[in-house]
Amino acid sequence: MSDIRVRFAPSPTGYLHVGGARTALFNWLFARKVGGKFILRIEDTDTERSSEAMVRGILEGMEWLGLNYDEGPFFQSNYAEQHRAAAYQLLESGWAYRDFAPKQERDDATIKQDIAKQKVFNPFRDLPKTESDARAETGEPFVIRFKVPEVGKTQFDDIVFGLQERDYNDIEDLVLLRSDGHPLYNLSVVVDDIEMGITHVVRGQDHINNTHKQVLLYQALGKPLPRFAHLPLILAPDKSKLSKRKHGEIVSVTTYRDAGFIPDAFINFLALVGWAPQEGLAAKDQEIFSREELINIFSLEGIHKSNAVFNFSEGDERNWTDQKALWMNFEYIKTWPLEKLLPLVKPELQKAGLWRDDYETERKAWYEHTITLLRERARTLLDFAGHGRPYFVDDLSFEFEEAAVKKNLQKDPALKTLLPELANRFAALAEFTHDTVEAALRALAEEKGVKAGLLINATRTALTGQSVGPSLFELVLVVGQNRAAERLNHAAELI
RNA sequence: GGCGCGUUGGUGUAACUGGUUAACACGCCGCCCUCUCAAGGCGGAGAGCACGGGUUCGAGUCCCGUACGCGCUACCA
């Protein structure tokens, strides 16, 4: 056990996206590795942009990923009173001042132009305390700004980026409290981090500027600094920061859940962007890591400084997201212990109305065999109910792919009589095994002077409606004697 | 504009404190296997480490400069 405490502090202005998820993951891994506490704090002080739906989205994302937290979720808006008190404390101690200048309305469009202007000296900075108090007394609106000292610099030793320094001249007198009394981000974060005893702040590199401001606040409040570790950013293929507005649902983690990802596979993928195991902690070329392994080998020192690109191409159905992520998922589906996979497949079948309770009792062996067969070609969990449908329905309520019918059934008119004949032979088998089925099919092919491949491919399509799938004789066994005969007869009618 | 950070094949990464033909994974191409498609096995193309200087017997690894990219710069977080 250690007294290390970290937090993940998303603002609910969007769903949990890939970048946020990785920040959460690294915090979580670190906490688990050192035996510390992982805290979830929702930074909802921006009431206009925050919404309950987004909070739910974040919570769902965390749950799906299995990033369990030891404390929270705390909602920052509940602590506004403390934040306000801190602002006034700073005002009293001379670290902050009232700014009576009227609010400047700025929108997103003009903001970047405005900020190009030089920092201007604020005339209210040196307003005598008595006058400031008097004006406040009359009810004149004001914001409370932090009074950044004139000479000196802030500094902190970042675990990832090393020593960071910033001249006071490059830091503006940030607003602590809005004119409506609303506390702002930098103040709230610092007060909460102090209150929660956060020892390590692990967050995106886009906060490095804020960190300098926060360092100032820690000092003014007379509190020791936590350690900071800033993470490199995850970029979109166009090299811009991932964002909900620009990149849409493709960057939301719930999209991956809904697309049939195994959470552990996604975690594995995420862990490897912007971080790599340190020398000697893992087999040199290992890529697949279980959660436990990741916890074991994780260290903040293995995080690197350069941004990474998360690849996806919209509109490309097969490669809709990062190909390595896709591959990773496939790899997990293929190789994960069956007992871990089964609980993830069950809800998919239930959703599709394909689940039967006897899959866990009398038909357990058949069911597991079927899943074992399907998993070799399933790229996502969705495939079990998708391509897998013909394996689970008793009737013919599955789709016959047009191309498959054309290619494998209508290719040779002789199949119209061959398939019913094959159905009869299958039905007549006393023992229905891989070998007897194969022998029956090959014997028929030989008698009729056709290639076994013709019958094999036609049978596959007859049984599943598809042109691709597992080895035929495995497939026939799983479909079973009755259903196989029935489907062969039915297929003959399609010719 | 200012401040900061970064730069190894298409992508993600590796390369101990500078030392053989820059390694692995994904993706791509080919071959093998084969009843289809995958998987798997084998092999291949693809970076000379952003560029230019310097230090050194020797630099992707150290130093300087340049370019490019990204981030931040708000009474958002």
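Look above for the structure.
Quantities reported herein were computed from a predicted structural model and do not represent experimental measurements.

Visitor: Lay out the overall build of chain A in plain terms, naming residues and giving numbers.
Guide: A tally of regular secondary structure across chain A gives 22 helices and twelve strands. For 495 residues, the compact-globule estimate of 2.2 N^0.38 gives 23 Å, and chain A exceeds it by more than 25% at 31 Å. Evaluated residue by residue, chain A yields a buried proportion of 50% over its 495 residues. Sequence-distant contacts in chain A: of pairs separated by 6 or more residues, those separated by 24 or more amount to 76%. Averaging the coordinates of the 61 positive side-chain charges in chain A and doing the same for the 74 negative ones gives two points 2 Å apart.

Visitor: How would you summarise the side chain of Thr211 if you had to cite specific residues and measurements?
Guide: Structurally, Thr211 can be placed in helix H7 (residues 208–220). Using a relative accessible area of 0% as the deciding quantity, one classes Thr211 as buried. What Thr211 contacts, discounting residues up to four positions off in sequence, is Phe156, Arg203, Phe228 and His230.

Visitor: Please give an account of the nonpolar core that cites residues and values.
Guide: By size, the foremost hydrophobic cluster in this structure holds 154 residues, and its most contacted members are Leu176, Tyr367, Phe392 and Phe426. When residues in this core are grouped by element, the largest group, nine residues, is from helix H1 (residues 18–34).

Visitor: Let's hear about the layout of surface pockets: which residues, and what values?
Guide: Here the second largest pocket defines a volume of roughly 590 Å³. Surrounding the second largest pocket, 25 residues form its lining, Arg318, Arg379, Thr380, Asp383 and His387 being those nearest its centre. Only helix H14 (364–375) and helix H15 (382–386) provide two or more residues apiece to the lining of the second largest pocket. Looking at the lining of the second largest pocket, its residues break down into eleven nonpolar, six polar and eight charged.

Visitor: With reference to specific residues and values, describe the packing of aromatic side chains.
Guide: Summed over the entire model, instances satisfying the criterion amount to 26 aromatic pairs. Consider the rings of Trp64 and Phe266, whose centres lie 6.0 Å apart with planes at 45 degrees: the pair is tilted. Of the two residues, Trp64 is situated in helix H2 (residues 52–65) and Phe266 in helix H10 (residues 263–271); the sequence distance between them amounts to 202 residues. A relative accessible area of 15% means that Trp64 is categorised as buried. Among the aromatic side chains, those forming a connected cluster through ring pairs are Trp64, Tyr256, Phe261, Phe266, Phe269, Phe310, Phe312 and Trp320. Just above the ring of Phe100 sits the side chain of Arg135; from NZ or CZ to the centre is 4.6 Å. Positioned above the aromatic ring of Phe330, the side-chain terminus of Lys334 is 4.6 Å from the ring centre.

Visitor: Break down the packing of H14 against helix H21 (residues 472–479) for me, citing the residues and quoting the values.
Guide: One way to put it is that H14 packs onto H21 with a least axis distance of 10 Å and a crossing angle of 150 degrees. Comparing the axis directions of H14 and H21 gives the class roughly antiparallel. Viewed along their axes, H14 and H21 form a crossing whose handedness is left-handed. Side by side, H14 and H21 meet where Trp366, His369, Thr370 and Leu373 of the first sit next to Glu474, Leu475 and Val478 of the second. Class assignment for the residues of the contact of H14 with H21 results in four nonpolar, two polar and one charged.

Visitor: Talk me through the environment of Asp383; I want residue IDs and the actual numbers.
Guide: Inspection of the secondary structure assignment puts Asp383 in helix H15. In this structure the C-alpha to C-alpha distance between Asp383 and Asn482, which are 99 residues apart in sequence, comes to 25 Å. Each residue touching Asp383, except ones within four places of it in the same chain, is listed here: Arg377, Ala378 and Gly388.

Visitor: Any chance you could break down the pairing of strand E9 (residues 200–204) for me, citing the residues and the numbers?
Guide: With respect to burial, E9 is a largely interior element, five of its five residues being buried. Bridge count between E9 and strand E10 (residues 227–231): five bridges; the pairing is parallel. Each residue of the ladder has a partner; that of Arg203, found in E10, is His230.

Visitor: Describe unusual backbone geometry, listing the residues and the values that go with them.
Guide: In this model, Gly72 is joined to Pro73 through a cis peptide bond whose omega is 5 degrees. Positionally, Pro73 belongs in strand E3 (residues 71–75). With a phi angle near 70 degrees, Lys239 is a residue other than glycine that sits in the positive phi range. Turning to its location among the elements, Lys239 is positioned in the loop between strand E11 (234–235) and helix H8 (244–247).

Visitor: How would you sum up the sheet that holds strand E8 (residues 175–177)? Please name residues and give values.
Guide: The antiparallel open sheet is built from three strands, whose spatial order is E4-E5-E8. Here the strands that pair on one side only, and so sit at the sheet edges, are strand E4 (96–99) and E8. For this sheet, the mean inter-axis angle between neighbouring strands, taken without regard to orientation, is 40 degrees. This element, helix H3 (residues 80–92), spans E4, strand E5 (143–146) and E8 of the sheet and lies at about 120 degrees to E8.

What counts and how
- Residues numbered from 1 in each chain as written.
- Chains lettered and ligands numbered in written order.
- Predicted model: local features only at pLDDT ≥ 70, side-chain atom pairs only at ≥ 80, totals over all residues.
- Heavy atoms only, no water.
- Helix = DSSP H or I, 4+ residues; strand = E, 2+ residues; numbered from the N terminus.
- Rg over C-alpha atoms; globule rule 2.2 N^0.38 Å.
- Buried < 20%, exposed > 50% of the residue type's maximum accessible area, 1.4 Å probe, protein only.
- Contact = heavy atoms within 4.5 Å.
- Lys, Arg positive; Asp, Glu negative; His and termini not counted.
- Charge placed at Lys NZ, Arg CZ, Asp CG, Glu CD.
- Core = buried A, V, L, I, M, F, W, Y, C linked by side-chain atoms within 4.5 Å.
- 1 Å grid on protein atoms, 1.4 Å probe; cavity = no way out; pocket = protein on both sides within 12 Å on 5 of 7 lines; lining within 4 Å.
- Points joined across faces, edges and corners; volume = space filled by probe spheres on them.
- Nonpolar A, V, L, I, M, F, W, Y, C, P; charged D, E, K, R; others polar.
- Phe/Tyr/Trp six-rings, centres within 6.5 Å; stacked < 30°, edge-to-face > 60°.
- Lys NZ or Arg CZ within 6 Å of the ring centre and 35° of its normal.
- Axes fitted to C-alpha atoms, helices over the stretch in contact; angles between N-to-C directions.
- Parallel < 35°, antiparallel > 145°, perpendicular 65-115°, else oblique.
- Left-handed = near helix turned anticlockwise from the far one by under 90°.
- Pairing = 2+ DSSP bridges.

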